[in-house]
Amino acid sequence: MTVTVPDTAMVLAAGKGLRMRPLTDHRPKPLIPVLGRPMLDHALDRLAAAGVAKAVVNSHYLGAMIGDHLKGRAAENPSWPAIALSPEETLLETGGGVKKALPLLGAAPVYTVNADVFWLDGPIPALRRLAAYWNPAEMDALLLMMATTKSVGYDGPGDYHMDPLGRLTRRGELELAPFVYAGVQIVKPELFAADTPDGAFSTNRIWDRAQQAGRLFGLAHDGLWFHVGTPGGLAEAEDLLAIGGVRAVAH
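Each residue is numbered by its place in its chain's sequence as written, counting from 1. Whole-chain, interface and lining totals are the exception, using all residues; otherwise, since this is a predicted model, local features are given only for residues with pLDDT of at least 70 and side-chain atom pairs are given and counted only at 80 or more. Calculation of side-chain values draws on the structure's entire complement of heavy atoms; hydrogens and water are dropped beforehand.

Description of the nonpolar core
- Residues belong to one nonpolar core when they are buried, are Ala, Val, Leu, Ile, Met, Phe, Trp, Tyr or Cys, and are joined through side-chain atoms within 4.5 Å. A 1.4 Å probe rolled over the protein chains alone gives each residue an accessible area, and that area as a share of the maximum for its type sets the label: buried under 20%, exposed over 50%, partly exposed in between. By size, the foremost hydrophobic cluster in this structure holds 37 residues, and its most contacted members are Leu40, Leu47, Tyr111, Trp119, Leu130 and Trp225.
- A run of H or I in DSSP becomes a helix once it reaches four residues, and a run of E becomes a strand once it reaches two; helices and strands are each numbered from the N terminus. With five residues, helix H1 (residues 39–50) is the single largest residue contributor to this core.
- Counting 25 residues, the second largest nonpolar core, distinct from the first, contains Ala101, Leu105, Phe201 and Ile206.

Examining the pattern of salt bridges
- Throughout this description, the term salt bridge denotes a Lys or Arg side-chain nitrogen within 4 Å of a carboxyl oxygen of Asp or Glu. Counting across every chain of the model gives eight salt bridges.
- Across the pair Asp45 and Arg37 runs a salt bridge whose closest N-O atoms are separated by 2.7 Å. Taken individually, Asp45 and Arg37 each receive the classification buried, so the pair is uniform in this respect.
- In this structure, the salt-bridge partner of Asp163 is Arg167, at a minimum N-O distance of 3.9 Å.
- Judged by its relative accessible area of 32%, Arg167 falls in the partly exposed class.
- The network of salt bridges with common partners includes Asp140, Lys188 and Arg215.

A short note on unusual backbone geometry
- Despite not being glycine, Leu35 has its phi angle at roughly 55 degrees, a positive value.
- By the secondary structure assignment, Leu35 is in the loop between strand E2 (33–34) and strand E3 (37–38).
- Unlike most non-glycine residues, Glu93 shows phi in positive territory, near 60 degrees.
- Here Glu93 lies in helix H3 (residues 93–100).

Examining the packing of aromatic side chains
- Each pair of aromatic rings taken from Phe, Tyr and Trp, with Trp reduced to its six-membered ring, is defined by centres within 6.5 Å and is described as stacked if the planes are under 30 degrees apart, edge-to-face if over 60, and tilted in the remaining cases. A complete count under the given rule lists two aromatic pairs for this structure.
- Judged by centre distance (5.8 Å) and plane angle (45 degrees), the rings of Phe118 and Phe226 are tilted. Pair noted here: Phe118 is in strand E7 (residues 118–120) and Phe226 is in strand E13 (residues 224–226), with a separation of 108 residues, a long-range link. Neither Phe118 nor Phe226 differs from the other in exposure class; each is buried.
- With a centroid separation of 4.7 Å and 65 degrees between ring planes, the pair formed by Tyr181 and Trp207 is classed as edge-to-face. Here the residue Tyr181 occupies a position in strand E11 (residues 179–187), and Trp207 occupies one in helix H6 (residues 204–212), the gap between them amounting to 26 residues. Of the two residues, Tyr181 and Trp207, both sit in the buried class.
- One Lys or Arg, Arg46, reaches over the ring of Trp119 and ends 4.9 Å from the middle of that ring. Counted as over-ring charges are cases with an Arg CZ or a Lys NZ within 6 Å of the ring centre that also lie within 35 degrees of the ring normal.

Quick notes on the environment of Ile66
- Summarising the element assignment, Ile66 is placed in helix H2 (residues 63–76).
- Judged by relative accessible area, which is 0%, Ile66 ranks as buried.
- Considering only alpha carbons, one finds Ile66 and Ala13, 53 residues apart in sequence, at a separation of 8.3 Å.
- In what follows, a contact means two residues having at least one pair of non-hydrogen atoms within 4.5 Å. The residues touching Ile66, leaving out its near neighbours within four places in the chain, are Ala13, Pro28, Pro30, Leu31, Leu40, Val57, Ser59 and Leu85.

Digging into the pairing of strand E6 (residues 110–114)
- Burial analysis of E6 places five of its five residues in the buried class, which makes it a mostly covered element.
- As defined by bridge partners, strand E1 (residues 8–12) adjoins E6 across four bridges and the pair is classed as parallel. Among the inter-strand pairings, Val11 is bridged to a residue of E6, identified as Val113. Between any two strands, at least two bridges found by DSSP are needed for them to pair.

Given below as structure tokens:
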């Protein structure tokens, strides 16, 4: 079977990382290293390995540092995906950030990746698994999901229930759900243009609409996933990775 991998990706790197203070007092969260390499680079490395040709990276908090880092990355290896920066004068949240970047993203389905998540792939890389499972005739968005019981550093109530076909239903207010969004998806860009506000809004608005149409799907991640939301979570992740013998990949 031929797998069509999205040609373009959006990497969400604009947030302030308030819960990661004091590490983010003078450095944006996506540039905090895990295994000696910034989380932003881990995300871009995986996109490059999957065959993505262009990555759009948004920025706001300490955005000049992200811009300078990306220039250095491009000089380090020109064969990596072409990078376009989408700076935001005011924070637009996840949905608003994608909407602002639509002229750079094009019309075909894209990956979106949170720049502050870290995962290890299973036998098949997660991005390629998503591409293989993606069916635009039935899906508007396909989210990588992680079982809450297997998540490292996550202690929340979960985000979604998932049926045997992968269709997602958001948890109720007082419910617990078995899956948390892992920060990676394939989505149709036009969803961010239709009936959405100008300015800041959450991608949850897009997902809720897709769920109502029966077109919101998930795929369970089969590797390790780390919720690196606080300095303590970062330390826990690095300790577990060291115990497991995982080291930074040479580039």
